[in-house]
Amino acid sequence: EAGVAQSPRYKIIEKRQSVAFWCNPISGHATLYWYQQILGQGPKLLIQFQNNGVVDDSQLPKDRFSAERLKGVDSTLKIQPAKLEDSAVYLCASSSASVISYNEQFFGPGTRLTVL
Amino acid sequence: AQRVTQPEKLLSVFKGAPVELKCNYSYSGSPELFWYVQYSRQRLQLLLRHISRESIKGFTADLNKGETSFHLKKPFAQEEDSAMYYCALSWGAGGTSYGKLTFGQGTILTVHP
């Protein structure tokens, strides 16, 4: 089966600019996650969707980050305006997890963002 | 709050030597623990989960609730085991968990020939 797709793979912007990342999960996976991975650290969950609804966005810096999954399939993550500390790899993952069970998360290749 | 600690950032062993990657967690409830691996230029992928009690690629991990540990072990390391390894915790069957993961900082394992 096709894996999780992400684009772009790399992005370089200047601080205060805006940027958007796109994710297409594995077909049929209702749960979608966005993670931020800063160099030298493990991935940190930013937001979690179940279909087109947000399950958890407690760690999303909502003053500058936003995410949507309007039709319950593709998702976009936006940063506006970007700060230097937003430089990281942004990972998208999907799974068929439900409220009562954990299922394996499948990760995309990530988008490496550099903010200058 | 849940927390995962991997005390070693780097671990080097020689081929054929035993290897143990340490993971400790803190969580007041009943956790599920996982090891994820990222090989060079590949995606992050699941290696094993404690509930399966499987041996994957010769690796095993036992959940020790008394010591709150989930160390990853392999008796004879191979060069192809060189990778970044992350311990991760999922919590809360029921409620609104939907399989959220908290990751440790990761351990880079290098197996020398």
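Below, the structure is looked at part by part. (Residues numbered from 1 in each chain as written. Chains lettered and ligands numbered in written order. Predicted model: local features only at pLDDT ≥ 70, side-chain atom pairs only at ≥ 80, totals over all residues. Heavy atoms only, no water.)

**Things to note about the overall build of chain B**
On a plain count of helices and strands, chain B comes out with zero helices and 11 strands. Sequence-ordered secondary structure for chain B, helices as α and strands as β, is β-β-β-β-β-β-β-β-β-β-β. The C-alpha extent of chain B, read off along each of the three principal axes, is 45 × 30 × 25 Å. A buried classification covers 46% of the 113 residues belonging to chain B. Sequence separation of 24 or more characterises 59% of the internal contacts of chain B that already satisfy a separation of 6 or more. Computed over 13 positive and 9 negative side-chain charges, the inter-centroid distance for chain B is 6 Å. (Helix = DSSP H or I, 4+ residues; strand = E, 2+ residues; numbered from the N terminus. Buried < 20%, exposed > 50% of the residue type's maximum accessible area, 1.4 Å probe, protein only. Contact = heavy atoms within 4.5 Å. Lys, Arg positive; Asp, Glu negative; His and termini not counted. Charge placed at Lys NZ, Arg CZ, Asp CG, Glu CD.)

**Structural notes on the environment of Val13 of chain B**
Residue and element names in this part refer to chain B. Turning to its location among the elements, Val13 is positioned in strand 2 (residues 10–14). In sequence terms Val13 and Glu79 are 66 residues apart; their C-alpha atoms lie 9.5 Å from each other. Residues within four places of Val13 in sequence aside, it is in contact with Pro18, Val19, Ala77, Leu109, Thr110, Val111 and His112.

**Quick notes on the sheet that holds strand 7 (residues 65–68) of chain A**
All names here are of chain A. Taken in spatial order, the four strands make up an open sheet running 1-3-8-7, and their pairing is antiparallel. Both edges of this open sheet fall to strand 1 (5–7) and strand 7, since each of them pairs with a single strand only. On average, each strand axis in the sheet is tilted by 15° relative to the strand beside it, whichever way the strands run. Where strand 1 and strand 3 (residues 19–24) come together, three bridges link them in antiparallel fashion. Directly across from Ala5, in strand 3, lies its bridge partner Asn24. (Pairing = 2+ DSSP bridges. Axes fitted to C-alpha atoms, helices over the stretch in contact; angles between N-to-C directions.)

**A closer look at the layout of surface pockets**
Considered as a void within the structure, the largest pocket measures approximately 650 Å³ in volume. Lining the largest pocket are 29 residues, with Gln37, Val89, Pro109 and Arg112 of chain A together with Gln38 of chain B positioned closest to its centre. Residue assignment for the lining of the largest pocket shows that the elements contributing at least two residues are strand 9 (88–95) and strand 11 (111–115) of chain A together with strand 9 (83–90) of chain B. Among the elements that take part in the lining of the largest pocket, strand 11 of chain A stands out by supplying four residues, more than any other. For the lining of the second largest pocket, the secondary-structure elements that each account for two or more residues are strand 5 (44–50) of chain A together with strand 1 (3–5) and strand 10 (101–103) of chain B. (1 Å grid on protein atoms, 1.4 Å probe; cavity = no way out; pocket = protein on both sides within 12 Å on 5 of 7 lines; lining within 4 Å. Points joined across faces, edges and corners; volume = space filled by probe spheres on them.)

**Notes on the pattern of salt bridges**
All told, the structure shown has seven salt bridges over all chains when counted by the stated rule. Two residues, Arg64 of chain A and Asp86 of chain A, come together in a salt bridge whose shortest N-O distance is 2.5 Å. Of this pair, Arg64 of chain A sits in the loop between strand 6 (53–56) and strand 7 while Asp86 of chain A sits in the loop between strand 8 (75–79) and strand 9, and the two are 22 residues apart along the sequence. One exposure class covers both Arg64 of chain A and Asp86 of chain A, and it is buried. For Lys74 of chain B, the salt bridge is made with Asp81 of chain B, and the minimal N-O distance between the two is 2.8 Å. For the pair shown, Lys74 of chain B and Asp81 of chain B are each scored as buried. Three or more residues are tied together by salt bridges with common partners; here these are Glu20, Lys22 and Lys73 of chain B. (Salt bridge = Lys/Arg side-chain N within 4 Å of Asp/Glu carboxyl O.)

**Re the packing of aromatic side chains**
For any pair of aromatic rings, the description consists of the separation of the ring centres together with the inter-plane angle of the planes. Inspection of every chain in the model, using the stated rule, returns 10 aromatic pairs over all chains. On the basis of an interplanar angle of 80° and a centroid distance of 5.7 Å, the ring pair of Tyr35 of chain A and Phe103 of chain B is categorised as edge-to-face. Remark: Phe103 of chain B occurs in strand 10 and Tyr35 of chain A occurs in strand 4 (residues 31–37); the pair is interchain, linking two chains. Across the pair, exposure class does not vary: Tyr35 of chain A and Phe103 of chain B are buried alike. A centroid spacing of 5.7 Å and a plane angle of 65° characterise the contact between Tyr36 of chain B and Phe103 of chain B, whose relative ring orientation is edge-to-face. (Phe/Tyr/Trp six-rings, centres within 6.5 Å; stacked < 30°, edge-to-face > 60°.)

**Side note on the nonpolar core**
In terms of nonpolar packing, the biggest core is built from 25 residues, with Trp35, Leu72 and Tyr85 of chain B touching the most fellow members. Counting residues per element, this core draws most heavily on strand 9 of chain B, at four residues. Apart from the residues lying within four places of it in its own chain, the contact partners of Tyr85 of chain B are Gln6, Leu21, Trp35, Tyr36, Val37, Tyr39, Leu47, Phe59, Leu72, Gly106, Thr107 and Leu109 of chain B. Core analysis: the next-biggest nonpolar cluster, separate from the first, contains 21 residues, Val19, Ile26, Trp34 and Val115 of chain A among them. (Core = buried A, V, L, I, M, F, W, Y, C linked by side-chain atoms within 4.5 Å.)

**Observations concerning the state of the cysteines**
All names here are of chain A. Enumeration according to the criterion identifies two disulfides over all chains in this entry. With its sulfur 1.9 Å from that of its partner, Cys23 forms a disulfide with Cys92. Judged by the sign of its S-S torsion, about -70°, the bond between Cys23 and Cys92 is left-handed. Placement of Cys23 in strand 3 and of Cys92 in strand 9 is noted, with a sequence separation of 69 residues between them. Neither residue differs from the other here; Cys23 and Cys92 are each classed as buried. (Disulfide = S-S within 2.5 Å.)

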